[in-house]
Amino acid sequence: MTAEPVSASFCRALPKVELHAHLSGSISRETLHQIWRQKKNEEPNLPLEDPLIGMPPGKMQVDIVSFFPLFDKYIYSLLNTASSIRSSTLSVLQDFADDGVACAEIRTTPRAVPSSNITKDDYVSIVLDTFAAFNAEQDKMHARLILSIDRRNTLQEAEHVVDLALKYADKGVVGVDLCGNPLRGDVSLFAPAFSRARRNGLAITLHFGEVAESGRTAELECLLSYQPARIGHVIHMAEDVKKEIQRRRLGLELCLSCNVLAKMTAGGIGEHHFGEWRRTECPIALSTDDVGIFESSLSNEYYLAAKHFDLSKSDLVQLCKSAASTIFGGEEEGTRLAKLLDAFVASLSAQ
Ligand SMILES: CNc1ncnc2c1ncn2[C@@H]1O[C@H](COP(=O)(O)O)[C@@H](O)[C@H]1O
């Protein structure tokens, strides 16, 4: 591989693996705008502001407190019909594929839309049908689904998410996640739900230590007792917890721009904890979290990592391999990714 510095086009061409992306947070501003325009045509008195004005591209200032209400108060009001859920899902998949993502495990929280007679089950089925149609149409990117339990859920709601994940496991659901506002909820409630998910073969990923308040050892030990294969963000925690993560070699889904822009970490990209974790044996999957909001694509995340941590082209290929080693999508998909990465390296050497 050439020793030239990493370029943006190299990062785009790299066959990448996206393992931590929230579906509704990954919708581009332009797609939200189009959905808004269509609704506004149908309903001129629509009380919602144009997303290009309400969430101005390149000028959004969000922190962990102002971030979550964006979904409940705004984005979900736009995604309230089967057709808007379908078209936004398709645009997210297309955007990841266009960015050179070869494998995407995208998560979403089952959401009922009573005004359109959409149950949580219908929602998952609409999303999965869109994934299936996308996967069938092209061979560049394979998309799988992870269902999220929201920290605000009751145990009964969490059990329903697990029911849906099991019901649709043979249609592309590969795991269960715990997400939502880290300043809310009691994660210990969900033990029976995660235990059932695991007993039935679903892989588990958990948002982990996103803010100091959710980084207390009691909470993190509880989360580790759910036997996650991967954990996301992994910012705030005591040294003993870090050691346990390393002992288990958990897969780490790390989101550079999201954490810096939402001020979940102190300092800039160069101070991100990616620098610390990359010296351990835990596989790392650089991920975008919510590219629709933070506006940094996965290839840009790789570019930023190269720039701020002095990584070479072969370091980035290794990073992709490390992400591929921690997918939930199974051995066959792992082999496909390994071949893609080998072919990518071979094509560079041939140049
Ligand atoms: C800082 N990053 C984050 N931390 C925790 N939860 C997050 C998140 N970003 C997004 N979500 C969760 O994902 C939902 C939107 O996508 P879906 O409707 O599920 O597809 C948000 O409502 C929130 O619960």
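Along each chain, numbering runs from 1 in the same order as the chain's sequence is written. Totals for whole chains, interfaces and linings use every residue, but because this is a predicted model, local features are given only for residues with pLDDT of at least 70 and side-chain atom pairs only at 80 or more, for both listing and counting. Water and hydrogen atoms play no part in the side-chain values, which are based on all heavy atoms of the structure.

**Q** Is there a simple way to explain the sheet that holds strand β4 (residues 173–179) in this structure?
**A** In sheet architecture, strand pairing relies on hydrogen bonds along the backbone and comes in two forms, parallel and antiparallel. Pairing is parallel in the open sheet, where eight strands are placed in the order β1-β2-β3-β4-β5-β6-β7-β8. At either end of the open sheet lies a strand with only one pairing partner, and these are β1 (16–22) and β8 (284–286). Neighbouring strand axes in the sheet, compared pairwise and without regard to direction, differ in orientation by 25° on average. Contacting β2 (101–108), β3 (142–150) and β4, helix α7 (residues 120–137) runs over the sheet at an angle of about 165° to β3. Between any two strands, at least two bridges found by DSSP are needed for them to pair. Counting from the N terminus, the helices are DSSP H or I runs at least four residues long and the strands are E runs at least two residues long. Geometry is summarised by axes, namely lines fitted to C-alpha atoms with helices restricted to the contacting stretch, and by angles between N-to-C directions that run from 0 to 180 degrees. Two residues qualify as a contact provided that any one of their heavy atoms is within 4.5 Å of a heavy atom in the partner residue.

**Q** Just checking my understanding: could you explain the packing of helix α8 (residues 155–167) against helix α9 (residues 191–199) for this structure?
**A** Helix packing for two helices is described by the angle between their axes and how far apart those axes are. Orientation of α8 relative to α9, taken along the N-to-C sense of each, is 10°, at an axis distance of 8 Å. Taken together, α8 and α9 sit at an angle that is classed as roughly parallel. Contacts between α8 and α9 involve Leu 155, Ala 158, Glu 159, Val 162, Asp 163 and Leu 166 on the former and, on the latter, Pro 192, Ala 193, Arg 196 and Ala 197. Side-chain classes are defined by residue name, with Ala, Val, Leu, Ile, Met, Phe, Trp, Tyr, Cys and Pro counting as nonpolar, Asp, Glu, Lys and Arg as charged, and the others, Gly among them, as polar. Split by residue class, the contact of α8 with α9 holds seven nonpolar, no polar and three charged. Here is the rule for angles: anything less than 35 degrees is roughly parallel, anything more than 145 is roughly antiparallel, 65 through 115 is roughly perpendicular, and the remaining ranges are oblique.

**Q** What's the story with the pattern of salt bridges in this structure? I'm lost.
**A** Between side chains of opposite charge, a pair can form when the charged atoms approach closely. Here, a salt bridge means any Lys or Arg side-chain nitrogen found within 4 Å of an Asp or Glu carboxyl oxygen. For the structure on display, the rule yields 19 salt bridges. Here Asp 72 makes a salt bridge to Arg 152, at a shortest N to O gap of 2.9 Å. Taken as a pair, Asp 72 in helix α5 (residues 69–78) and Arg 152 in the loop between β3 and α8 lie far apart in primary sequence, 80 residues in all. Across the pair Glu 159 and Arg 196 runs a salt bridge, and its minimum N-O distance is 2.8 Å. Taken as a pair, Glu 159 in helix α8 and Arg 196 in helix α9 lie far apart in primary sequence, 37 residues in all. Sharing partners across several salt bridges, the network here consists of Glu 105, Arg 107, Asp 177, Arg 230 and Glu 253.

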